[in-house]
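Residue strings, one per chain:
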Number of protein chains: 2
Amino acid sequence: MKLKIAVTIVGFMAMLTAGAQQVISPNGNVQVNFMIDDGGRPTYEMLYKGKMVVNPSHLGLELARDKHASKGMNETDLLEGFAVTGSNVTSHDDTWTPVWGQYKTIRNNYNELAVDFYQQSANRKITIRFRVYDDGMGFRYEFPQQKDLNYFIIKEEKSEFAMTGNHMAWWQAGDYDTQEYPMQVTRLSDVRGRITACARWDDPKGVGIRRTDYTEDRQRDAVVWDNASQTVFSPTGVQTSIQLKTDDGLYINLHEAALVDYSCMHLNLDDKNMVFTSWLTPDATGYKGCMQTPCQSPWRTVLVSDDARQMLASSLILNLNEPCKIEDTSWIHPTKYCGVWWEMIVGHGSWHYTNEFPSVKLDQIDYSKAKPNGTHKANTQEVMRYIDFAASNGLDQVLVEGWNVGWEDWANMWKADVFDFVTPYPDFDIKFLNDYAHSKGVKLLMHHETSSSVTNYERHMEQAYQLMNDYGYDAVKSGYVGDIIPRGDHHYSQAMNNHYLYAVEEAAKHHIMVNAHEATRPTGLCRTWPNLVGNESARGTEYEAFYGSNPNHTVILPFTRFQGGPMDYTPGVLETDLSTWSDNQHKIHTTVVGQLALYVVMCSPLQMAADLPQNYEKYMDAFQFIRDVALDWDDSRYIDAEPGEYITVARKAKGTDNWFLGGKCNEKGHKVDVKLDFLDKGRKYEATIYADGKDASYETNRASYTITKKIVKQGDVLKLVEAPGGGVAITIKAI
Amino acid sequence: MKLKIAVTIVGFMAMLTAGAQQVISPNGNVQVNFMIDDGGRPTYEMLYKGKMVVNPSHLGLELARDKHASKGMNETDLLEGFAVTGSNVTSHDDTWTPVWGQYKTIRNNYNELAVDFYQQSANRKITIRFRVYDDGMGFRYEFPQQKDLNYFIIKEEKSEFAMTGNHMAWWQAGDYDTQEYPMQVTRLSDVRGRITACARWDDPKGVGIRRTDYTEDRQRDAVVWDNASQTVFSPTGVQTSIQLKTDDGLYINLHEAALVDYSCMHLNLDDKNMVFTSWLTPDATGYKGCMQTPCQSPWRTVLVSDDARQMLASSLILNLNEPCKIEDTSWIHPTKYCGVWWEMIVGHGSWHYTNEFPSVKLDQIDYSKAKPNGTHKANTQEVMRYIDFAASNGLDQVLVEGWNVGWEDWANMWKADVFDFVTPYPDFDIKFLNDYAHSKGVKLLMHHETSSSVTNYERHMEQAYQLMNDYGYDAVKSGYVGDIIPRGDHHYSQAMNNHYLYAVEEAAKHHIMVNAHEATRPTGLCRTWPNLVGNESARGTEYEAFYGSNPNHTVILPFTRFQGGPMDYTPGVLETDLSTWSDNQHKIHTTVVGQLALYVVMCSPLQMAADLPQNYEKYMDAFQFIRDVALDWDDSRYIDAEPGEYITVARKAKGTDNWFLGGKCNEKGHKVDVKLDFLDKGRKYEATIYADGKDASYETNRASYTITKKIVKQGDVLKLVEAPGGGVAITIKAI
């Protein structure tokens, strides 16, 4: 990694008023002004090209009065009574090389303002640090080690983000335990109405929000809905990343970066004044963080641009994370996989092996004597079929869910010892299958569903990873379905965030890549731990088999969920009518080409080809794109984009001269002329264009598509038409 | 182990009234009557020699309405509406051999009544099983696997123990997180007054009960008091084991046996009607247990006798536990140890190595560059001195507390990663010291203070045990000081009980003996896991260096705390005036001989000689008893006993013909004539009698003692006089 760091006192810093200071981004577009108000409250505002983005907003934290207060826990707030004791403005510019991602190299160029505060009443000092980029900014709280602030408990962080108006917002209801709600598109003023219409947000146990009388359409649209584990906390609480758009065309995104040893942030909206305030995830005691100095909060990020494409092109969140901590990253690689999964999601098979028992206890059951249910899909024959398919089609790995004992009653029963992560069902020959896969150049992809019994997972983790090493697995999909054990904790609490990172760090010791589902939404930690190759952390393809996802879903996620890191969305369901092969009557809410487009629109080094081999057999011409598409990139060029409407992007495959273009749109369809100015001058390329048919539509005619080839060169213009709920996918191969 | 089990339908079982049934102990002394009341509530009563012990009392459980109720959690109570569908009375008589304890073999002889119930409203069946012994009984709930009862959450167990009057009671205030309160001696009617005088029992965080204005005398007597972690829950809540005495001379003891995968039981007193009802320890959600059928509760035990000695001689609680699960127990052995501990408890040294930092983070500190504080006692020179002392005096092991990094800020700071359990301080040469000890026939005794950060301990446990194997440790003292992490949980919850047992089971795999401090009070699990050689679970000798313990404390504990298993009380402080060698002004509340007596009165295979080598040097004549005393026994004969007054016991050392006699009394002194009828006929013995001097007293003259030798034989009578707060200790060696 080439590193060039310039740290200088930047000349343009100036004292505005008493205590007020200003820092401007390298190109001058973004400006942050910082001041102390009359009450000694740290206050900032943010502008973009002279337009206000964030109105004056207070910063600070409420601390809890703990039973240990007399022993060093300081319970007075860090909100007011501060004086500025110093500040420092510096500049930074270097370029680093990610292990994978949408660019070959990433420039990290910002101006920084660090303001030191002293709170006389409690003899405490803190620092607030702003890093201002050309496409936004991040700030964080830093707590130096000091005599009167060694340990403290956070009751609430009170970071404000005062919006300048009733913006449009692409958002998801706040929840301590699920982030798989449908994405909402409303004005900020409509957040409250949408949440209260569906949720008993004042019911801490979440019992009130079961809606078994929901129609499927309502489930698909509902802002909150029936899920195993969910804890909605406020009628105006939303998750980050949230995408916003002002009436004068500014795009704003609020999220966080480098979420380590801290609770995950939500935002609570004061919908009279349009002010968001941070709202952290509590632990079982209701408090929101136990801190020991020296320490810091994650970065709170505000992306801003007048070009929606910059929301997608930004590397700000990655830049705010620490550099890679893994010395040898040679074992981390892009992974395209299929797997024994969609069959069960659709209801055509089971994870569990037997129906014989109303419940099982792992230490008391002899599966070898249990009666097989005949629906268990993770069996040797079926897995061999997938291995053969992967080997024939250039897929790297085969995920097998339901391979291990314990699935008979795994979810939502408060079972502590639900899985052991090492014992296969009798019909899954783990040694043979790994050997068979390896003989064909394929690996199996491990699955660790924890059932959110985290205590149990940690007790077995070392053995589970060791088993993977023993058999030659190098990637694991982990899952956290259901309520957290230790009971009372939440999926996004400080302790759980520490657990997810612990699992990633322990995996790294074993050279294992991690794809953690239901874990906290990512915040760019994959820069530091690039073996974190995927997360779910949003509503993935599986919901198409439950209630469906609206066509705009996949053109919102890149603006929101993908801000912090890649998603294992599991696209590629080419048999879009599930009833053709199962009892499931659902239809996918995209066209076939729309499915292909997702591989490019959703940047991820780990991508599933989610459909069944026998379904792909019916669409081998379209499947060719999935075979060909790269997962790691030297460059990415966003052609056009609008949240919830459309995204068109061209990406250059890592280490090649080939490009792949993906376009995805919502239910309204989309037309875009793509000028191929990113191709090398004077060079010829063969473009294979997978396009929706003229009559294609996600509702009525999903499987209508054309595949055409043409020779293209720099400057050529492709006139692309995407059907309602459709898309476009293009391979551009250098000749 | 020789096993003789007779299972027959016992003839004396009779139907009393409609649905009423009776079971009588083998010798007929104890009788339990069982019936269903008008509301279909299971009801029992208990008699001893025809006298009522427990008035009619209801049994049952309240279940919680869980958010998962619709998915298999059944929220209707198991309290009433039951019908008896069957019952079975059987008899059992066998004898088993404990790995260690107060007897060579133990007879397990009971009559059993198992009553099957059906609750029509919910289509559920349960069984209540009574085992009736000659000295008491135990009952438990059993929940068979069944369609309509697979998983359930316990809101509260409602087992009643209706006393027949306002008995005298030896008790300790109920608390979810500490059992180190002073023992109380009051009528049942005075429980409320004593607790409310000291505790804000209605304050769930326990903040209100800090009494920094307490005088030391008040701290010593106070029913509840200032402790790091405490959660008093009721003004009439008490812990078990509780010892009771009726006005007509019956001794009754309430406790539990085989506490596995269940929450620890307290008792809440209805002090109008003198009815105890079970009150379980909650987890962080407030609920008290997550159950999966088939399963059962622990046994609820009622010991009864008209002879106080039988309370101490009983093996009922051990008998109600499962047989030993460790196949090869050859590595489990009695252990007498000294250690680097009392110095720090008294305040004459520190566990921590440096005072340089206000707090430390293990991954950020370089101890090799830290400035030593000069008070760190676990240093190589000091430990060598203890090793030399142990080797010279026949002690088996040397405990070293403070050997490992992290003690600078270990307690009550909500630090998750407080210790790593494997890294020594720079001045503790772990390899050298173990080699040095082994060369002298001594082992080091490991110390794992967890700071109650259980998540952290479990992450390091395997490596920590492996380190012990690597260096040749075979016993660990573990500790759980402070509030539990995962936050919100309690020391005595179901999850924590599972953790303690997990630590013992994992230790057994490494052939490691466990002595767990601050863990849940024992319930006879040492029968099943005899590597659980000790627990603290009550106020030990350390409190003599804080506020003191009253002289009656050690003649209450054998009736209460020791019912479930041995205690690492750490006796043997022969320099009873701490100010002679430290700045601590406290004086031990026993005479020197009283300290010696504890080794016999308190039966334990693990005993510390707690004082410093240099202090023992001053009392080598008295210390001889500590050198000589056995820790494991072929037989135990209780000469006389009265709770809180006195205990005299003679024990025959395992595999020898030697006896040791211990007598301990409260502040009033005690006289006892001991007829040596337990000695072998025709054989001569040399008795060495360690007696209080005539003017001895725990208050004014603790170090007054005489040591006399005499030849004794069967039938001789020793006239023993114990001083106030004193005792007697006798070695009786076969010639």
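Given the structure is predicted, the values throughout are model-derived calculations rather than measurements.

### Digging into the overall build of chain A
Thought 1: A tally of regular secondary structure across chain A gives twelve helices and 36 strands.
Thought 2: Taking 2.2 N^0.38 as the reference for a compact globule, 735 residues should give roughly 27 Å; the C-alpha atoms of chain A span a radius of gyration of 25 Å, in line with that estimate.
Thought 3: The principal-axis extent of the C-alpha atoms belonging to chain A is close to 75 × 70 × 50 Å.
Thought 4: Within chain A, the fraction of its 735 residues that count as buried is 68%.

### Regarding helix α9 (residues 494–509) of chain A
Thought 1: If you check α9(A), its first and last C-alpha atoms are 23 Å apart, about what 16 residues at 1.5 Å a residue would give, namely 22 Å.
Thought 2: Most of α9(A) sits out of view: twelve of its 16 residues are buried.
Thought 3: Residues of α9(A) that are buried include every one of Q494(A), M496(A), N497(A), H499(A), Y500(A), L501(A), Y502(A), A503(A), V504(A), E506(A), A507(A) and A508(A), and no others.
Thought 4: Against β19 (290–292), α8 (454–471), β26 (513–517) and β27 (532–535) of chain A together with α8 (454–471) of chain B lie the buried residues of α9(A).

### Description of the sheet that holds strand β34 (residues 705–713) of chain A
Residues and elements named next belong to chain A.
Thought 1: Within the open sheet, the six strands sit side by side as β29-β30-β31-β36-β33-β34. Their pairing is antiparallel. The strands lining the two open edges of the sheet, one partner per strand, are β29 (633–642) and β34. Neighbour-to-neighbour, the strand axes of the sheet open up by a mean angle of 15 degrees, direction not taken into account.
Thought 2: Bridging between β29 and strand β30 (residues 646–653) involves eight bridges; their strand directions are antiparallel. Paired with A641 across the two strands is I647, which belongs to β30.
Thought 3: Most of the contacts of helix α10 (residues 592–601) go to strand β31 (residues 659–665), to which it runs at about 120 degrees, and overall it touches β30, β31, β33 (684–692), β34 and β36 (727–734).
Thought 4: Along the sheet, helix α12 (residues 620–628) makes contact with β31, β33, β34 and β36, crossing β33 at roughly 125 degrees.

### With respect to the nonpolar core
Thought 1: W342(A), L444(A) and Y465(A) are the most contacted members of the largest nonpolar core, which totals 132 residues.
Thought 2: Broken down by element, this core gets its largest block of residues, eight residues, from α9(A).
Thought 3: Beyond its immediate stretch of four places on either side in the chain, L444(A) contacts V383(A), I387(A), Q397(A), V398(A), V400(A), F428(A), L433(A), N434(A), A437(A) and Y473(A).
Thought 4: Core analysis: the next-biggest nonpolar cluster, separate from the first, contains 131 residues, M384(B), L445(B), C526(B) and A609(B) among them.

### Side note on the confidence of the model for chain A
Residues and elements named next belong to chain A.
Thought 1: Mean pLDDT over chain A: 92, with 92% of residues reaching 70 or higher.
Thought 2: Segment residues 1–18 is flagged for pLDDT under 50; beyond a separation of four residues in sequence, or across chains, it makes 40 contacts in the model.
Thought 3: Across residues 201–214 the pLDDT falls below 50, and counting only partners more than four positions away or on other chains, this stretch makes 33 contacts in the model.
Thought 4: Confidence estimates for the predicted assembly give a pTM of 0.95 and an ipTM of 0.93.

### A few points about the packing of aromatic side chains
Thought 1: Applying the stated criterion to the full structure yields 68 aromatic pairs over all chains.
Thought 2: Judged by centre distance (5.3 Å) and plane angle (50 degrees), the ring pair of Y44(A) and F139(A) falls under tilted. Note that Y44(A) is positioned in strand β3 (residues 42–48) and F139(A) in strand β9 (residues 136–143), a separation of 95 residues in sequence. Take Y44(A) and F139(A): they sit in the same class, and that class is buried.
Thought 3: Aromatic ring contacts, followed pair by pair, group F34(A), Y44(A), F82(A), F117(A), F130(A), F139(A), Y141(A), F143(A), F152(A) and F161(A) into a single cluster.
Thought 4: A cation sits over an aromatic face here: R527(A) above W96(A), 3.8 Å from the ring centre.
Thought 5: Over the aromatic face of Y502(A) sits the side chain of R459(B), whose NZ or CZ is 3.8 Å from the ring centroid.

### Comments concerning the sheet that holds strand β30 (residues 646–653) of chain B
Residue and element names in this part refer to chain B.
Thought 1: Taken together, the six strands give an open sheet; going across it, the order is β29-β30-β31-β36-β33-β34, and neighbouring strands pair in antiparallel fashion. Because the sheet does not close on itself, it has two edges, and the strands there are β29 (633–642) and β34 (705–712). On average, each strand axis in the sheet is tilted by 15 degrees relative to the strand beside it, whichever way the strands run.
Thought 2: Here six bridges tie strand β31 (residues 659–665) to strand β36 (residues 727–734), and the two strands are oriented antiparallel to one another.

### With respect to the packing of helix α10 (residues 592–601) of chain B against helix α12 (residues 620–628) of chain B
Residue and element names in this part refer to chain B.
Thought 1: One way to put it is that α10 packs onto α12 with a least axis distance of 10 Å and a crossing angle of 5 degrees. With respect to their mutual orientation, α10 and α12 come out roughly parallel. Residues V592, L596, Y599 and V600 of α10 form the contact with α12, whose own contacting residues are A622, F625 and I626.
Thought 2: Taken together, the residues that form the contact of α10 with α12 break down as seven nonpolar, no polar and no charged.

### Points about unusual backbone geometry
Thought 1: Between I485(A) and P486(A) the backbone carries a cis peptide bond, its omega angle lying at 25 degrees.
Thought 2: Relative to the elements of secondary structure, P486(A) occurs in the loop between β25 (475–479) and α9.
Thought 3: Omega for the peptide link from T293(B) to P294(B) comes to -5 degrees, which places this bond in the cis form.
Thought 4: Tracing the chain through its elements places P294(B) in the loop between β19 (290–292) and β20 (295–296).
Thought 5: In this structure, A258(B) is a non-glycine residue whose phi angle is positive, near 60 degrees.
Thought 6: Mapped onto the elements of the fold, A258(B) is located in the loop between β16 (251–257) and β17 (265–270).
Thought 7: On the accessibility criterion, A258(B) (17% relative accessible area) is buried.

### Some remarks on the pattern of salt bridges
Thought 1: Taken as a whole, this structure holds 71 salt bridges over all chains when the rule is applied.
Thought 2: Across the pair D283(B) and R487(A) runs a salt bridge, and its minimum N-O distance is 2.4 Å. Within this pair, whereas D283(B) is found in the loop between β18 (275–280) and β19, its partner R487(A) is found in the loop between β25 and α9, the two belonging to separate chains.
Thought 3: For R487(A), a relative accessible area of 10% translates into the label buried.
Thought 4: Put simply, K618(B) and E575(B) hold a salt bridge, and the shortest N to O gap is 2.7 Å. One end of the pair, K618(B), is in helix α11 (residues 613–618); the other, E575(B), is in the loop between β27 (532–535) and α10, and 43 residues separate them in sequence.
Thought 5: Classification of K618(B) as partly exposed rests on a relative accessible area of 47%.
Thought 6: Via salt bridges that share partners, E112(A), R129(A), R131(A), R140(A) and E142(A) belong to a single interconnected network.

### Considerations on the environment of Y287(B)
Thought 1: Within the secondary structure, Y287(B) sits in the loop between β18 and β19.
Thought 2: Sequence separation between Y287(B) and A64(B) is 223 residues; the distance between their C-alpha atoms is 7.3 Å.
Thought 3: Excluding residues within four positions of it along the chain, Y287(B) makes contact with R487(A), A64(B), R65(B), I153(B), I154(B), K155(B) and P282(B).

About the criteria used
- Residues numbered from 1 in each chain as written.
- Chains lettered and ligands numbered in written order.
- Predicted model: local features only at pLDDT ≥ 70, side-chain atom pairs only at ≥ 80, totals over all residues.
- Heavy atoms only, no water.
- Helix = DSSP H or I, 4+ residues; strand = E, 2+ residues; numbered from the N terminus.
- Rg over C-alpha atoms; globule rule 2.2 N^0.38 Å.
- Buried < 20%, exposed > 50% of the residue type's maximum accessible area, 1.4 Å probe, protein only.
- Expected span 1.5 Å × (residues − 1).
- Contact = heavy atoms within 4.5 Å.
- Pairing = 2+ DSSP bridges.
- Axes fitted to C-alpha atoms, helices over the stretch in contact; angles between N-to-C directions.
- Core = buried A, V, L, I, M, F, W, Y, C linked by side-chain atoms within 4.5 Å.
- pLDDT = per-residue confidence, 0-100.
- Phe/Tyr/Trp six-rings, centres within 6.5 Å; stacked < 30°, edge-to-face > 60°.
- Lys NZ or Arg CZ within 6 Å of the ring centre and 35° of its normal.
- Parallel < 35°, antiparallel > 145°, perpendicular 65-115°, else oblique.
- Nonpolar A, V, L, I, M, F, W, Y, C, P; charged D, E, K, R; others polar.
- Salt bridge = Lys/Arg side-chain N within 4 Å of Asp/Glu carboxyl O.

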